[in-house]
Each structure stands twice: as structure tokens, then as C-alpha cells.
Amino acid sequence: MNSFLENTAKDILAIYPFLKDLVIVLPNRRAGLFFTKHLGNLIDKPQWLPEVKTVEDIFYGYAGARPADNLTLIFELYKVYKSLHPDPENFDKFYYWGEMILKDFNDVDQFMVNAEKLYHHLSEIKEFETDLSYLTESQVQLIKEFWKSFEKQDKGHQEKFLHFWQMLIALYSNFKARLNESRMAYSGMLYRQVVENLARIKRPDKQYIFIGFNAFTKTEELLLKHFISQFGAKVYWDVDKYYLNDKIQEAGLFFRDYVKDPIFGPTFPEFLPANIGKKRARIKTYSIPLKVNQANLVGELLNSISPEEKMEETVVVLPDEQLLFPVLHTLPHGIDKVNVTMGYPVKNAPVYAFLEAVLDMQQYIKAEETKTLYYHKPLIDLLTSVYLKNSNEAFVNKLLIDIQESNMVYVSQERLHEGGPFFKLIFHKLSLTELFPYLGNLIKALAEQQKEEPLQRSYLFQTFKQLNRLQAILDNQDEVQVNMDFFLSLFRKIFREVKLPFEGEPLEGLQVMGVLETRNLDFRRVIICNMNEESFPPAGKLNSMIPFNLRRAFNLPVQEQNDAIYAYTFYRLLHSAEEVHMIYTTAADQGKAGERSRYVHQIMEEMDLPEEDKNEEVIYVPVDLTSAREISIPKSPEIMIQLERYVVKGELAHTTAFSPSALNLWLDCRLKFYMKYIAGIVEKEEVNEEVDPAVFGNLAHLSLEKLYGGYMERKKRTVIHKEDFKELTSYVFPSIEKAIREQYHLEEHVEVKLNGQLAIARDVLQKYILGVLKIDEDTAPFEIISLEAQKRYKTSMAINTASGNVEVAVGGIIDRVDKVGDIIRLIDYKSGIDTKNFPDIASLFDRESNKRNKAAMQTLLYGFLYQATFPDNSLRLKPAIFNLREIFKDDFNPYLHHKPEQYKPSMELEDYMEFHGEFVLGLKGLLEEIFDPKVPFDQTAKIEKCKSCSFSEICGR
């Protein structure tokens, strides 16, 4: 395999026998490590190796300083900004564009731009135009184009831009002056200082050799030219004529300028390497549906490598760092050595997400008198994290159940502290002075908990380091007001940039790298993931306060230069590669369809590839694109045994009974019946801050039960007279409060504090219950026979099954049974709206009917249950439905109506017993169908019923 660094090492050894007299300058330390390895392999006798540096080392060495960190610099920039701006923004808003301005100032100095000319005030444009002697005609034209477009803006935008633009030159000069006073600098400032003092640099004692550079900033270019012209420095270019001689190849953009330069030009070799054109690598392109599937394909490609091959000659390039762990998890077992040369963002680590959630929780703390309360949503996210579960899993599980069952919108700090020391550490309201000690102690506690997880401890260590750095910086910032929102915002902004550096043996094993880390390195086999446009090359975005035309006019970098750098990095990988695998995804990402990289298109069009290399391989992920199959579960012997629990074999009271809801569900969808009553699948319950219809209905039932039940207990009688209603009205509010306590599992001594939704629901409920009392007052006197909590009605029915005749239990809870004159009323309270008409009994058992009246069937079943419980009853049984939404209508009528013919008036049902025989036959047929082993648990044919079904995802509907 041809290696640029190895060939360069050979050449240097041939020219310079004494390596200790050399200084080797490379683009990055990784290249320096590989270069040193090659030198070590080539020397035949012991000697001192040369000094290996980066350009950065040279600049900082001559400057005698290193740049301050970005956060400190932005704070300093903000102080200068505040002194210049009459109405400054707060630091949190300033931070984003402060980063942008700092980057612009860095570019201005790196590229030796005259800041005064760049940030010239537009009001002096005529004066500016008279002094363009230092600019080329094309640069002058670009500036004029900018001013022309600027003049088209409305006056308000113009004034804002002018005011801001006028401030930037003062901000630039004052900022640099302040940094000089504080003995601080940003990197561009140091680079400029060195270049402006090149004449003072003494001739070095050692020979300088620059290796493998591509794109220089202006300061770097001037430094190299000075070393070449004044000190005889040598340059080795890592270039190929494939893209240098092709004027439309962006990869050769910089080289084409350098080769024409009077100083750089002579340093290029007489005969340019032609590795890409001379040697044809086997190139394979893969199209894959999902981003994460790339990891599986990488694993397969690596698994096909012969064990005899050197794995260090294979590189996996990851433009997207989020693919790192999926790739590492799919590596073949035979690969025992891996070197990762890229950082992994701490923000993607689970432990960072936990720390951020803990801090975020502070925004959801509510103080009530002496209590500190935590809002349930972020709290549940925290409780389900592995870190709290590791501390006390039993407590967490119990608390999650209590939150759900009691619908606890807020949880008290005292309750959370019952979990133990770790919970006490996490859950308390923080003051600003406690922030850093709190986070420091929390990180230490997490590190102690994660003793067996070295990777998690590494994340925590990096987080701890950054936290200490942040504290040190904030301690020195008196002018910036720190509050909780500001701290959280700053915490996120800083940690989004922090990466965990991986350690490994860089010279052995499989190499996993980011794009820019591959510079100057050669590999026999190259596997590149995410070969998608906007990933490799990355999306074209150059955040800058300086408009595009002005950047171009003043020779500041624009996207074209960025594209050229990434293009070179890509083609550089082809110099020595014998096998190249490029993988791109077709899945849409952030609303954009997956588009393969321009580099793939260029290779297909420009290289003379064999036809088999031009045909990309499409990797399919098995997906069933057909419609979901109909689900039908036969009644196996095991299922028939489960149904036996509804068969009366001993005492009826101890037998599970079919409820009206279960029977209605069987008629609606037999599969749903199976899931709920046979498989026992429980619908997920969540804390509900809103009072949904089901909760409102429960509260209405409980309130009316508490109201009448409590009244009968106090009066020691069951008959309600007209004169009782004045007193009953006064008990409505306490009854609702008792209902709320029971619904949300609140103890008697716990004060009921209602949130907005529940307070509104309580008031609406009070109005409805008073409406029910008004109707009851008009009906009084009546005798209450039972309320729902007092009695469960249950009976049995004989049916024929495949195994013979059996008695099956049927039961239900009737909301209220009362006696008015010679009528027994079977009352069902409903919070919704139900029709009370039904054509005939058969329609109630007809699952194919779109208008099957479930409410009528339920109340008629109550009639069946009551008569079966009291067989000697001779009074009329009259089912009634109290729809709370309808009770204020003038024509409100709670009773069922029989309407056998469409165009004839309906008749009020006066006595259930008129339909008893027909109803019993329908019920018997329904129960026999449930026990029929030939009738499977299948899906309903009525698709519209699936829209609101909790099990629709299981069915695939």
C-alpha cells in the first residue's frame, strides 16, 4: 500500500541523516503520531527523533501565549458591548450572536483583514469609494453589489444595520484593547501578532519541514512563506493531479492557487503524483433505508475481511458522530483492537440527559405554604431513569403506582425524601449559591453509583471538569446577573460542545475516525458512512455577521472554501485505497429526502469505473408493506379453561360475572374482549391534569352516591320527601369534595386543593347535581332501594355449551334503584349523550347494526338482574338513563322508548317484563356464542370503531 507519510519519511531520511536537527510540522497530532511510527520503522540505528509540531504550536510558541477559552472571551466581549450600547441586551440573548461576532473577529485577524475598512460606516460610503486602491476590480464590484442590495431594504432595517455596523469597529478595537490589558487573546489575535512581527523572528537552529497541508489561513500562509523564503523551509504537498489539474474539481481549489504562487510554486514536485488516475480502487456504493442500519452493514463488511489482513489498514469514517456507538456494538467478535479517533458529544450521554433533567426540574417546583411540590411530568421522567431506580427500585415503583392511581399532579418533597439519601440529594429547591456544590455532589454520587461503568464515569469526569471551569469563570464575572434560567441556558450551551475523547492504541487495530481526522493518513480499505448531501459534505452554513459579498470582497472564507476542504478530505482517502465502500441512507431527515453525496455522483460521472462499480447495491430492511392481516384467535383448550371462571360451580357470590360492559364489548369487537378479559391487557393509565369524560363521569356517580347515601344514613330512612331537598342542596358541595377524595385516593386529613381544570369541573358538576335534585324533587316522594356502592346484582343463566349445560354468572352495578309509587326505577347516570330509542330487542344483540343502542341494552340488563334477584317482584321495572347534559332541557325524559317502526311515534317503555322473554333469549344466545369453541376472537368489521380503541396499535389498524 502506498503511504504518503511513509514515502515522505523515506525521503527525509535520505536527505537528512540526523533527525534531531529537524522540526516536522503537520496539520494535526494524529498525523504526527503515524509519521513518527514510519520513521521508527525506517531507521536502522538508534538516534533522536525530530521534533514534531503543528502550525498551532508554532504560532503559540512565538506568541508566548495560548488563547483563552471561548466562554471567558464572550464574557469579556459582553462587557465591552455593554459599555458601547445604550440599551444592551442581557447576556443570555447576547451569547448566540456574541459567539458569531467572536468568530468573525477571529476570521478578520486570521485573514489579516483591515477591520476599519471592513466595518466602515455606510454614511461615509463616498469617502470609502475613493480609497479602494488596495482592492481588485472584482472585490470593488462585490462591495458595490452589496451596497446596491442594501439600499433596497426598508429604512427601519437600514437604520438598525447601520447602527449595529457602526458599533462593530469600536467593539473590535475596544475588545482587543481590553484583552491586551487582561493578558488574554483569541487565537486569530495571536496569529496576527506573530505575522505582524515576522521580521523579529530569529533564524531557527533547526531545519523546518512542513508536511501534508492543504488550506491555509492568510496568517498561516504568510508564516510558511516567510519560513520558506527566509529560513529555507521545505514543503511536502499531499496532492494528486487528478483534482489539481481539473479546474472544476473543488478538491484542488487551494492547490491551484499555491502552485502558481512565486514562493509556494517551486516547492511542488516536478511530477505530480497520479495515484487516483493510475490505480483503480474497487469502489462500491450502498443505499440503505435507515441511518442506524448502516452500522449493521459496516459489521458485515468488516466480517468479510480475512483474519490475515492487518486491521489498521482499514478505516471506518463517520461523518455523523451519533453512529459511533451503533457501529461499535455491531463490530465482529474477531476484532479485538479498535482505535477511535473522534470525540463523542457528552450531550448524547444518558448521564448528561439525567443531569439536565434534574436541573430542568427546578423550573417545575411549586411552593405552597411550607410545602415544596414537584410537577409530575418531569418527575416521572426522572423516576424512570436508571439512576434513581438503581438507588431504590422498590420505592420508585411504588411511587409511580401511587402517582398514577391517585392522579397526583404534584408530589411533595417529603414523599420523595422517603426514597433515601440519593433522593434527598436530588430533590430540594436550589438557591443560586447552591448550584455548583449541588451539581458537584450529585456528579460524585453518580460516579459512586456507576463504579462498574467506566464509560459513564468518563462522561461524569468530563462534566465535572466543565462544571468547575464554568464556576471559575462565573466567579469572576460581576457584571453578569446569574439566575436559574440563565444558568440552565448556559449549562446547555456549554455542554453541547463538550466531547468525550476516546483513548486507544492508534497504531493498531481497526481505525474509526471522523472526517477531518483522516488527513494525511492512508488506508487500503475505506468504509464511509453517511455519504449523504449535508452530511458529507456537511450542510452549507457559515454563521457570520458579515454579509456574503463583503466576506468575498475582503477574502474572508465563504462556503466555497469549506466545500473545497471537505472535497479534498474525501479525495485524499482515494490516494492509496484499494477498496472503497460508500454508504448513504434514503430515509428523510428533518423533512429532507435522503440524497446521496455529490462525491458519489462525481465519481460515477468522472472516473472511468467498471460497470459493476457504477451499480449501487440497495440494502433492503425487511418490511412488510402489505396491509395488516386480520387477527383471529381461536378458542384453544387453554382459553376455554379461562372462560370456566364465569361458570357457577359453587357459590354464585364467588364466581366472576359477565358485566354489561363485557357483554357490550363482545358485541362491539370479540378481539378487544379477548385482550381485556382473557389476556388481561391493561390500558396504560397516566396522570391526567384535565378532567376527561371518564373521570367526570366517575365524579358524578360518586357525588350522587355520597349525597343520597350520606343523607339516608343521617336521617335513618330510605324515603326521600319533597321537603328534604332544601337540606340535600346544602350537602352537594361536601359530597363532591368526598367524591374527589375518593377518586384521587386522598386521605381525610389531606386538604383538597384543586387545580384550574378540577375547580371548573367541580363547579360544572355542582350545577349538574343540582339539576338532578330538581328532577328528583319533582318526582318525590320516592324510596331508594339501593345505590351503586351498596349492592352488586348478580344472577346465573343456564346455557348450552359443547361440554353440556352450564350456569353462567351475569352481574352488574346499578347506579340507583328506587321506588316511585308502583314502579321500580333502574337508573343509570351518564355524563355523555345517549339515545333512548330502540326498534326491538333483536337490534340490541345485532353486532352488524350501526345503531345498536348499548345504553338501552345495559339498562334492560339491569331489569333482568333485578327480577332475577327478586323473583317475587310484581311491580313494574322501568329502566331510566339520566344524561347529565340533557337534564336542563324542558322536555327531558329519562325513560327508554320502544320504536318498532321508523315513521311511527315511539312508545315509552313502562315495564321491562314486557320484553323479558325476548331479552332472555337474546342474552342466552350471546352467552352461548362466547362459550362456542367454533367462534374465534376476531376483529370487528366496523373499522370506525377502531379509531378510539386503545388496542388499535396491537391490531395494526
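Residues numbered from 1 in each chain as written. Predicted model: local features only at pLDDT ≥ 70, side-chain atom pairs only at ≥ 80, totals over all residues. Heavy atoms only, no water.

Caption draft 1: View of the overall build of the protein. Broken down by element type, the protein carries 40 helices and 28 strands. The globule rule puts the C-alpha radius of gyration for 957 residues at 30 Å, and the 40 Å found for the protein is more than 25% above it. C-alpha atoms of the protein, sized along the principal axes, occupy 120 × 65 × 60 Å. The 957 residues of the protein split such that 50% are buried. Summarising the internal contacts of the protein: among those between residues at least 6 apart in sequence, 76% fall at separations of at least 24. Of the roughly 47000 Å² that the protein leaves accessible, carbon and sulfur atoms contribute 50%. Between the averaged position of the 116 positive side-chain charges in the protein and that of its 139 negative side-chain charges there is a distance of 1 Å. (Helix = DSSP H or I, 4+ residues; strand = E, 2+ residues; numbered from the N terminus. Rg over C-alpha atoms; globule rule 2.2 N^0.38 Å. Buried < 20%, exposed > 50% of the residue type's maximum accessible area, 1.4 Å probe, protein only. Contact = heavy atoms within 4.5 Å. Areas by Shrake-Rupley, 256 points an atom, 1.4 Å probe, with all protein chains shown as cover. Lys, Arg positive; Asp, Glu negative; His and termini not counted. Charge placed at Lys NZ, Arg CZ, Asp CG, Glu CD.)

Caption draft 2: Spotlight on the sheet that holds strand β19 (residues 782-787). What the 5 strands build is an open sheet, ordered β18-β19-β22-β23-β25; its pairing is mixed. One side of each edge strand has no neighbouring strand; the edge strands of this open sheet are β18 (719-720) and β25 (876-883). Relative to strand β23 (residues 823-830), strand β22 (residues 816-820) runs antiparallel, the two sharing 5 bridges. By the bridge assignment, D818 is partnered in β23 with R825. Against the sheet, helix α33 (residues 693-715) makes contact with β18, β19, β22 and β23, and its axis sits at roughly 120° relative to β19, the strand it touches most. Together, β19, β22, β23 and β25 form the strand contacts of helix α38 (residues 854-869), whose direction differs from that of β23 by roughly 140°. (Pairing = 2+ DSSP bridges. Axes fitted to C-alpha atoms, helices over the stretch in contact; angles between N-to-C directions.)

Caption draft 3: Region of interest: the packing of helix α4 (residues 70-84) against helix α5 (residues 91-110). Where α4 contacts α5, the two axes come as close as 9 Å, and the packing angle between them is 105°. In terms of orientation, α4 lies roughly perpendicular with respect to α5. The residues of α5 that touch α4, namely those facing N70, L71, L73, I74, F75, L77, Y78 and Y81, are F91, F94, Y95, W97, G98, E99, I101, L102 and F105. Across the contact of α4 with α5, the residue classes break down as 14 nonpolar, 2 polar and 1 charged. (Parallel < 35°, antiparallel > 145°, perpendicular 65-115°, else oblique. Nonpolar A, V, L, I, M, F, W, Y, C, P; charged D, E, K, R; others polar.)

Caption draft 4: Structural context of the pairing of strand β15 (residues 579-585). Burial analysis of β15 places 7 of its 7 residues in the buried class, which makes it a mostly covered element. Residues E579, H581, I583 and T585 line one face of β15 and the alternating positions V580, M582 and Y584 line the opposite face, and both faces are buried. Pairing analysis gives 7 bridges linking strand β5 (residues 282-288) to β15, with the strands arranged parallel. By the bridge assignment for β15, K284 is matched with H581. As judged from the 4 bridges shared by strand β14 (residues 525-528) and β15, these two strands associate in the parallel manner. Each bridged residue has a counterpart across the sheet, and for I528 the counterpart in β15 is M582.

Caption draft 5: Representation of the pattern of salt bridges in the model. Scanning the model with the defined rule gives 62 salt bridges in all. A salt bridge links R598 to E250; the shortest N-O distance between them is 3.9 Å. Placement of the pair is R598 in helix α28 (residues 598-606) and E250 in the loop between α12 (241-244) and α13 (253-260), with a sequence separation of 348 residues. The salt bridge partner of K366 is E368, with a shortest N-O separation of 3.1 Å. Classification of K366 by relative accessible area gives partly exposed; the value is 31%. A single salt-bridge network, built from bridges that share partners, covers D822, R876, K878, E908 and E910. (Salt bridge = Lys/Arg side-chain N within 4 Å of Asp/Glu carboxyl O.)

Caption draft 6: Local environment of helix α24 (residues 454-475). Here α24 spans 31 Å end to end across 22 residues, near enough to the 32 Å set by a 1.5 Å rise per residue. Inspection of α24 places Q456, Y459, L460, Q462, T463, Q466, L467, L470, I473 and L474 among the buried residues, and these make up the whole buried set. Seen from one end, α24 has its buried residues packed into an arc of 160°, which puts them on one side. Counted as exposed and oriented over 90 degrees from the buried face of α24: P454 and D475. (Expected span 1.5 Å × (residues − 1). Arc of directions from axis to C-beta.)

Caption draft 7: View of the packing of aromatic side chains. By the definition in use, this model includes 73 aromatic pairs. Taking the centre distance of 6.4 Å and the plane angle of 90° together, the rings of F255 and F268 count as edge-to-face. Of this pair, F255 sits in helix α13 while F268 sits in the loop between α13 and α14 (275-278); the two residues are 13 residues apart in sequence, bridging distant segments of the chain. The buried category is assigned to F255, whose relative accessible area is 0%. In this structure F268 comes out as buried when scored by relative accessible area, which is 8%. For the pair F725 and F782, a centre-to-centre distance of 6.5 Å together with 55° between the ring planes defines the contact as tilted. Placement of F725 in helix α34 (residues 725-730) and of F782 in strand β19 is noted, with a sequence separation of 57 residues between them. Its relative accessible area of 3% is what places F725 among the buried residues. Residue classification places F782 among the buried residues on the basis of a relative accessible area of 1%. Against the face of F937 rests K635, its NZ or CZ located 5.3 Å from the ring centre. (Phe/Tyr/Trp six-rings, centres within 6.5 Å; stacked < 30°, edge-to-face > 60°. Lys NZ or Arg CZ within 6 Å of the ring centre and 35° of its normal.)

Caption draft 8: Inspection of the side chain of S735 at higher detail. As for its position among the elements, S735 is in helix α35 (residues 732-743). Among the residues examined, S735 registers a relative accessible area of 6% and is labelled buried. At a separation of 2.7 Å, a polar atom in the side chain of S735 contacts the main-chain carbonyl oxygen of Y731. Leave out the neighbours within four places in its chain, and S735 touches S703, K706 and L707. (Polar contact = N/O pair within 3.5 Å; in protein donor to acceptor, adjacent residues only side chain to side chain.)

Caption draft 9: Broad picture of empty space enclosed by the protein. Summed over all chains, the structure comprises 2 cavities of 30 Å³ or more. By volume, the largest cavity is sized at about 60 Å³. For the largest cavity, the full set of lining residues is I276, K279, R280, A281, I283, L574, M607 and L609. Among the residues making up the lining of the largest cavity, the classes are represented as 6 nonpolar, no polar and 2 charged. (1 Å grid on protein atoms, 1.4 Å probe; cavity = no way out; pocket = protein on both sides within 12 Å on 5 of 7 lines; lining within 4 Å. Points joined across faces, edges and corners; volume = space filled by probe spheres on them.)

Caption draft 10: Broad picture of the sheet that holds strand β26 (residues 897-898). If you trace the 3 strands from one edge of the open sheet to the other, you get β24-β26-β27, paired in mixed fashion. Strands at the two margins of the open sheet, each flanked by one partner only, are β24 (837-838) and β27 (907-908). Across 2 bridges, β24 lies against β26 in parallel orientation. Residue N837 lies in a different strand from β26, and its bridge partner there is H897.

Caption draft 11: Focus on α38. End to end, α38 covers 22 Å across 16 residues, agreeing with the expected 22 Å (1.5 Å per residue, within 8%). With 13 of its 16 residues buried, α38 lies for the most part within the structure. Of the residues that open α38, the one with a side-chain oxygen 3.2 Å from the backbone nitrogen of A855 is N853.

Caption draft 12: Fine view of unusual backbone geometry. Between F536 and P537 the backbone carries a cis peptide bond, its omega angle lying at 5°. Mapping P537 onto the fold places it in the loop between β14 and α26 (548-553). The phi dihedral of N530 is positive, around 55°, even though this residue is not glycine.

Caption draft 13: Representation of the environment of K337 within the structure. Looking at the secondary structure, you find K337 in the loop between α16 (324-329) and β7 (338-341). A sequence separation of 178 residues divides K337 from V515, and the C-alpha atoms of the two residues are 21 Å apart. Within the structure, K337 has its side chain in polar contact with the side chain of E508 (distance 2.5 Å).

Caption draft 14: Looking closely at the domain arrangement of the protein. Per the domain assignment, the segments making up the protein are domain 1 (4-65 + 195-273), domain 2 (70-184), domain 3 (276-343 + 507-618), domain 4 (347-500), domain 5 (638-684 + 788-954) and domain 6 (693-777). Facing the 7 residues of domain 1 at the interface are 4 residues of domain 2. Buried area between domain 1 and domain 2, summed over both chains or domains, comes out near 420 Å², and the portion from carbon and sulfur atoms is 72%. The interface formed by domain 1 and domain 2 includes 0 salt bridges. One can count 3 residue pairs in polar contact (both at pLDDT 80 or more) joining domain 1 with domain 2. (Domains from an automatic or database assignment. Buried area = accessible area lost by both parts, 1.4 Å probe.)

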